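# Examining the three-dimensional arrangement
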Amino acid sequence: MAERHPTSDFVVIGGGIVGASIAYGLAKSGEKVLLLDEGDVAFRAARGNLGNVWVQGKGATSHAYADLTRNAANRWGGFAAALQEETGIDLHFRRPGAFYICFSEEELERRSGMMASINEHATVRSEFETVGPEELRRRLPEIGPEIAGATYCPDDGTANPLFLLRALIKAAAGFGATYLPRRKVVSLCRDGEGICIETEAGTFHAGRVVLAAGLGNGKLAPQLGMTAPVRPVRGQIMVTEKVRKFLDFGTNFIRQTVEGGCVFGESSEEAGFDEGTTLSVLRETARRAVTAFPLLRDARVVRAWGALRIMTPDGVPVYQQAPGAGNVFLITVHSGVTLAPFHAGEMAVALRQNRLDPDRYLPFSPERFNVQAA
Amino acid sequence: MFRPLDDKGGKAVAIEIEGRSQIVPAASNLAAALLSAGFSPFRTTPAGAAPRQPYCMMGVCFDCLVEIDGLPNRQACLETVREGMHVRRQQGAAAIGEKGKAR
Ligand SMILES: Cc1cc2nc3c(=O)[nH]c(=O)nc-3n(C[C@H](O)[C@H](O)[C@H](O)COP(=O)(O)OP(=O)(O)OC[C@H]3O[C@@H](n4cnc5c(N)ncnc54)[C@H](O)[C@@H]3O)c2cc1C
Ligand code: FES
């Protein structure tokens, strides 16, 4: 039997890190929020990612995105502390800075050039260093002899993404939000002033809707006259047994957790909606990890998985308010861990004001994809 | 605390537990053999150094980790005893690499 729920001010569709961040931000500022999530069969990047709060190299094609990322990373410490106070959950957030490991001199040179050019355009400062092989060995004693160097950025950090998701949902509920899993939204339509939301278990009514369903946005957005240009890009990740601490910094593709396990992965594959793992990619990933840190040869991998990134054509977030009635918002990003403080903070404020300032959000409008390719 | 169901004196092998020789039934499950020998704890946790003993006995919980013949983090419940096997308690996280081996 379909259950009927009273109208909520805000319904956030999608309980991944993005949707939960927004629900948390809205609930914390007093809004009545309903968070609808699909069940365990859903594609859920929030449960399969690497957990880097990553700044360096972000925004190579969009200085607005570089600024957004830098601001969010700068707020991560306070954000994690607040969540811990509200939920008792320690997110294991650390910000010792991170190294992007380069396997050849050409790669190091290219990378430094790219980082320097981002810094010419970004308005929020973030320094970086180009670290040669000797200096790198001094700072990362376990680095392999074949590594050519790294770029180091002190603004990068890491967190436990599973604790983050749990804390966000718990904190949102603590501020009065309702979280309902196993409520896949099957159809959306305008209903007078509001929106009618039909799920696989009940129909709901909303004053305002936030589409934060990750890859699910692709099907949901068109039902309300919007487009979410997203495609899945697979990453395969492995985690080792817990080993004694050897890596005090973050890196672009290997992170040692507080408990000691090493999580690593870096593949970017066009594999459609296939979340599986493949021997060839796992083998190559492991080979590169062992080249970077030869002692990993002794560590056993205890689990491997695939997860699908939610990718826009240019990798830059899409933030859009529906034209006209304006009570529908579309949010599609890749780096949801990094941007969590932004979604819970500034984005929640904009949603409450029912206005994505066109000046601020123009760089993130999907209109940019409508420009004809030259 | 534990008593074998069948102790009619089949074949036995000698293994070494923390440097001490111990006679155990041949082809027995290592975790079971260690439990019968009163070995406790099997390991301590990396995060809080809390003591752990086998819990599931079927390869799922990883609470039975021990060091076998110098290799850390082996699941005792998935191993069969071998003559001359050296078993040590797994203390916290395993040390890997040269520094770990030099220990
Ligand atoms: C391999 C990999 C590595 C990554 N590494 C990092 C990293 O190091 N740092 C970082 O910042 N980011 C990283 N990311 C990205 C990060 O995981 C995502 O940005 C983050 O998960 C937030 O995504 P999301 O909430 O939009 O989507 P998801 O986590 O995919 O959540 C979408 C949610 O919507 C729900 N849903 C879908 N359709 C419907 C529907 N019709 N009705 C109701 N609910 C629906 C699903 O159940 C799901 O819970 C990585 C991603 C991958 C795949
Ligand atoms: S007792 Fe659970 S894995 Fe061995």
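Treat the numbers as computed from the prediction; the structure is a model and nothing was measured.

This part is about the interface of chain B and chain A. Tallying the contact residues gives 14 residues for chain B and twelve residues for chain A. Of all residues in chain B, the largest losses of buried area upon contact with chain A belong to B:Asn73, B:Ala93 and B:Ile96, amounting jointly to 43% of the total for that side. If you look at where chain B meets chain A, you find zero salt bridges. The tally of links between chain B and chain A comes to six residue pairs in polar contact (both at pLDDT 80 or more). Listing elements by their share of the side of chain B that touches chain A, those giving two or more residues are strand E6 (71-75) and helix H2 (97-101) of chain B.

A separate point is the environment of A:Thr123. All names here are of chain A. When you line up the elements, Thr123 lands in the loop between helix H3 (105-121) and strand E5 (129-131). For the pair Thr123 and Asp191, spaced 68 residues apart in the sequence, the C-alpha separation amounts to 42 Å. Within the structure, the side chain of Thr123 is placed 2.6 Å from the side chain of Asp67, a separation counted as a polar contact.

With that settled, consider the layout of surface pockets. Space inside the second largest pocket adds up to approximately 960 Å³. Lining the second largest pocket are 38 residues, with A:Val239, A:Thr240, A:Lys242, A:Val302 and A:Arg303 positioned closest to its centre. Counting only elements with at least two residues in the lining of the second largest pocket, the list comes to helix H5 (161-174), strand E12 (231-242), strand E15 (261-264) and strand E16 (301-311) of chain A together with strand E3 (43-44) and E6 of chain B. In terms of residue class, the lining of the second largest pocket is built from 14 nonpolar, twelve polar and twelve charged.

Turning next to the confidence of the model for chain B. All names here are of chain B. Averaged over every residue, the pLDDT of chain B is 90; the share at 70 or more is 92%. Within chain B, no element has a lower average pLDDT than H2, which sits at 61, and none a higher one than strand E4 (residues 51-52), at 97. Scored by ipTM, the complex comes to 0.72, with pTM at 0.90.

The next thing to look at is the packing of aromatic side chains. Residue and element names in this part refer to chain A. The tally for this structure, following the rule as stated, stands at 14 aromatic pairs over all chains. Measuring from centroid to centroid gives 5.2 Å for Phe99 and Phe249, while their planes differ by 85°, and the two rings are edge-to-face. Linking Phe99 in strand E4 (residues 98-102) with Phe249 in the loop between E12 and strand E13 (250-251), this pair joins segments that are 150 residues apart in sequence. Phe249 gets classed as partly exposed once you look at its relative accessible area, which sits at 24%. Where Tyr319 meets Tyr361, the ring centres are 6.0 Å apart and the plane angle is 85°; that geometry is what we call edge-to-face.

What follows concerns H5(A). All names here are of chain A. With 14 residues, H5 should reach 20 Å at 1.5 Å per residue; the first-to-last C-alpha distance of 20 Å fits that figure. Listed as buried for H5 are Pro161, Leu164, Leu165, Ala167, Leu168, Ile169, Ala171 and Ala172. Along its buried surface, H5 packs onto helix H1 (17-28), strand E2 (33-36), helix H2 (63-87), strand E8 (178-180), strand E14 (254-256) and helix H8 (340-352). For H5, the N-terminal capping position is held by Asn160, with its side-chain oxygen 2.8 Å away from the main-chain nitrogen of Leu162. One or two positions beyond H5, positive phi appears at Gly176, with a value near 100°.

Conventions we followed
- Residues numbered from 1 in each chain as written.
- Chains lettered and ligands numbered in written order.
- Predicted model: local features only at pLDDT ≥ 70, side-chain atom pairs only at ≥ 80, totals over all residues.
- Heavy atoms only, no water.
- Contact = heavy atoms within 4.5 Å.
- Buried area = accessible area lost by both parts, 1.4 Å probe.
- Salt bridge = Lys/Arg side-chain N within 4 Å of Asp/Glu carboxyl O.
- Polar contact = N/O pair within 3.5 Å; in protein donor to acceptor, adjacent residues only side chain to side chain.
- Helix = DSSP H or I, 4+ residues; strand = E, 2+ residues; numbered from the N terminus.
- 1 Å grid on protein atoms, 1.4 Å probe; cavity = no way out; pocket = protein on both sides within 12 Å on 5 of 7 lines; lining within 4 Å.
- Points joined across faces, edges and corners; volume = space filled by probe spheres on them.
- Nonpolar A, V, L, I, M, F, W, Y, C, P; charged D, E, K, R; others polar.
- pLDDT = per-residue confidence, 0-100.
- Phe/Tyr/Trp six-rings, centres within 6.5 Å; stacked < 30°, edge-to-face > 60°.
- Buried < 20%, exposed > 50% of the residue type's maximum accessible area, 1.4 Å probe, protein only.
- Expected span 1.5 Å × (residues − 1).

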